[in-house]
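For reference, the chains in residue letters:
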Amino acid sequence: MSFWATSTGENLAAQSKEQAAAYTPPEGGNLEPIPGKSKVRAYVKEAGWDKNDKGDRYIKLRWDVTKPDTYARRVIFQKAWVKDPDPNAKNPTDKRDKALRMLAKIDALAGGRLAAKGTEPSDDELLIALANKEMVIAVELWEMKGSDGNVITGNWIRDVYPLEGTALVIGEAKAAATPKGNARDDLDDEIPF
C-alpha cells in the first residue's frame, strides 16, 4: 500500500493540486467547556516553566480529566504565575501569592516533593513531582471576546482536592462519590480476596 493511499484505496498522490487544496475537514471537534462549579477527577500530564512574549515566566500545567466519563480526556491548561507578575493581573502580588498557595496544595496532594526541596523547581522536578498524580479539581468558566467579536469560553481551575472523600460534581448536581480507602475502580473485573 502506498503512503498516500487512504483506507478506502483512494490515491491522494494522484490528485491534482486543486483537488487536494479543495479538501474541507468534517465539522465537529469543538467541545463545550465543563460547566462551572464542577468537580472532576484529573491528573497533571505535563508540568514545566513557560514564558509569554515579553519573557515573563510562569509554571504551565496540563490537566487531563479522567472522570466522569462525559468529560474524560478533556484537557485544561493552568498557568501558575509564581515567578514573574502576571501582566494582566489587577494586583500581581496577590495573584502570585494565590498561585504559590495553589502550587503548594497541588504539590502536597502529589506527595510534597517540591516543598520538601525548598528551592525553585526545574522543569524535570516539576514533572517528576506532579505528573500522573490524580486528584479532584474544581473547575470554573472563563469567557472573553475573540478578535472576531465572538465570545470564547473555557475552563480554569479554582481549587484542588484529594481523591479520597471528595464527591464529583457537574455544575450544581452531584455526579458520583469518590470511594474512600484503597478502592480502585480500574480493577472492577477482578475478584477481591
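All of these numbers come straight from a predicted model, not from anything done at the bench.

Engineer: Teacher, can you tell me more about the environment of Val151 here?
Structural biologist: Within the element layout of this structure, Val151 appears in strand E5 (residues 151-161). Take Val151: its relative accessible area is 51%, and that puts it in the exposed class. Sequence-distant contacts of Val151, defined by excluding residues within four places in its chain, comprise Glu143, Met144 and Lys145.

Engineer: Can you walk me through the nonpolar core in this structure?
Structural biologist: Where a protein is soluble and globular, its nonpolar side chains tend to be buried together. Within the largest apolar cluster, 28 residues are counted, with the highest numbers of intra-cluster contacts made by Ile59, Leu61, Trp63, Ile106, Leu130, Ile137 and Val160. Only strand E1 (38-51), strand E2 (57-67), strand E3 (75-80), helix H2 (92-109), helix H4 (123-130), strand E4 (135-145) and E5 provide two or more residues apiece to this core. In terms of residues, this core owes the most to one element, E1, which gives five residues. For Ile137, the contacting residues outside a window of four places in its chain are Ser38, Lys39, Val40, Ala42, Trp63, Ile76, Ile157, Asp159 and Val160.

Engineer: What is the right way to look at unusual backbone geometry in this model?
Structural biologist: Among all residues except glycine, the phi angle is most often negative; among peptide bonds, the trans geometry is most common. Following Lys67, the chain continues into Pro68 via a peptide bond in cis, with omega recorded as 0 degrees. Along the polypeptide, Pro68 turns up in the loop between E2 and E3. Positive phi values are uncommon outside glycine, yet Lys37 reaches one of about 65 degrees. Mapped onto the elements, Lys37 comes out in the loop between helix H1 (17-21) and E1. Positive phi values are uncommon outside glycine, yet Arg73 reaches one of about 75 degrees. As for its placement among the helices and strands, Arg73 is situated in the loop between E2 and E3.

Engineer: Any chance you could explain the side chain of Arg62 here in plain terms?
Structural biologist: By secondary structure assignment, the location of Arg62 is in strand E2. Of note is the side chain of Arg62, whose polar atom sits 2.7 Å from the side chain of Asp64. Filtering out sequence-adjacent residues up to four positions away, Arg62 remains in contact with Tyr43, Val44, Lys45, Glu46, Val75, Ile76 and Phe77.

Engineer: Just to check I follow, could you spell out the packing of aromatic side chains for this structure?
Structural biologist: Any pair of aromatic rings gets described here by the distance separating the centres and the angle formed by the planes. Counting across every chain of the model gives one aromatic pair. Aromatic side chains Tyr58 and Trp81 sit 4.6 Å apart centroid to centroid with 45 degrees between the ring planes, which places their arrangement in the tilted category. Within this pair, whereas Tyr58 is found in strand E2, its partner Trp81 is found in the loop between E3 and H2, the two being separated by 23 residues in sequence. The exposure class of Tyr58 is buried, given its relative accessible area of 5%. Exposure remark for Trp81: the relative accessible area of 6% places this residue in the buried category. The ring of Trp49 has Arg57 lying over it, and the distance from NZ or CZ to the ring centre is 4.3 Å. Stacked on the ring of Phe77, the Lys or Arg Lys60 has its end atom at 5.0 Å from the ring centre.

Engineer: Mind showing me how you'd approach H4 here?
Structural biologist: An α-helical turn contains 3.6 residues, so any two residues separated by three or four positions project in the same direction. Those residues of H4 that fall on the buried side of the exposure criterion are Leu126, Ala129 and Leu130. On an axial view of H4, the arc spanned by its buried residues comes to 80 degrees, and they lie on one face. In H4, the exposed positions that point more than 90 degrees away from the buried face belong to Asp124 and Ile128. Looking at the buried positions of H4, the neighbouring elements they touch are E1, E2, H2 and helix H3 (113-117). Asn132, located one to two residues past H4, shows a positive phi value of around 65 degrees.

Basis of the calculations
Along each chain, the written sequence defines residue order, and numbers are assigned to residues from 1. Restriction of local features to residues with pLDDT of at least 70 applies here, the model being predicted, together with a cutoff of 80 or more for giving and counting side-chain atom pairs; totals for whole chains, interfaces and linings are based on all residues. No hydrogens and no water enter the side-chain calculation; it runs on all heavy atoms of the structure. Helix and strand definitions here come from DSSP, where helices need a minimum of 4 consecutive H or I residues and strands a minimum of 2 consecutive E residues; each element is numbered from the N-terminal end. Between buried and exposed lies partly exposed: a residue is buried under 20% and exposed over 50% of the maximum accessible area for its type, with that area taken using a 1.4 Å probe on protein chains only. Residue contacts are counted whenever heavy atoms from the two residues lie within 4.5 Å of one another. To qualify as a nonpolar core, a set must consist of buried Ala, Val, Leu, Ile, Met, Phe, Trp, Tyr and Cys residues joined through side-chain atoms within 4.5 Å. Here a polar contact is recorded for every N or O atom pair within 3.5 Å, except that within protein the pair must consist of a potential hydrogen donor and a potential acceptor, and residues adjacent in sequence are included only if both atoms are side-chain atoms. Pairing of aromatic side chains here covers Phe, Tyr and the six-membered ring of Trp, requires ring centres within 6.5 Å, and sorts the geometry by plane angle: under 30 degrees stacked, over 60 edge-to-face, intermediate tilted. Definition used: whenever NZ (Lys) or CZ (Arg) falls within 6 Å of the ring centre and also within 35 degrees of the ring normal, the charge is taken to sit over that ring. Directions from the helix axis toward the C-beta atoms define the arc.

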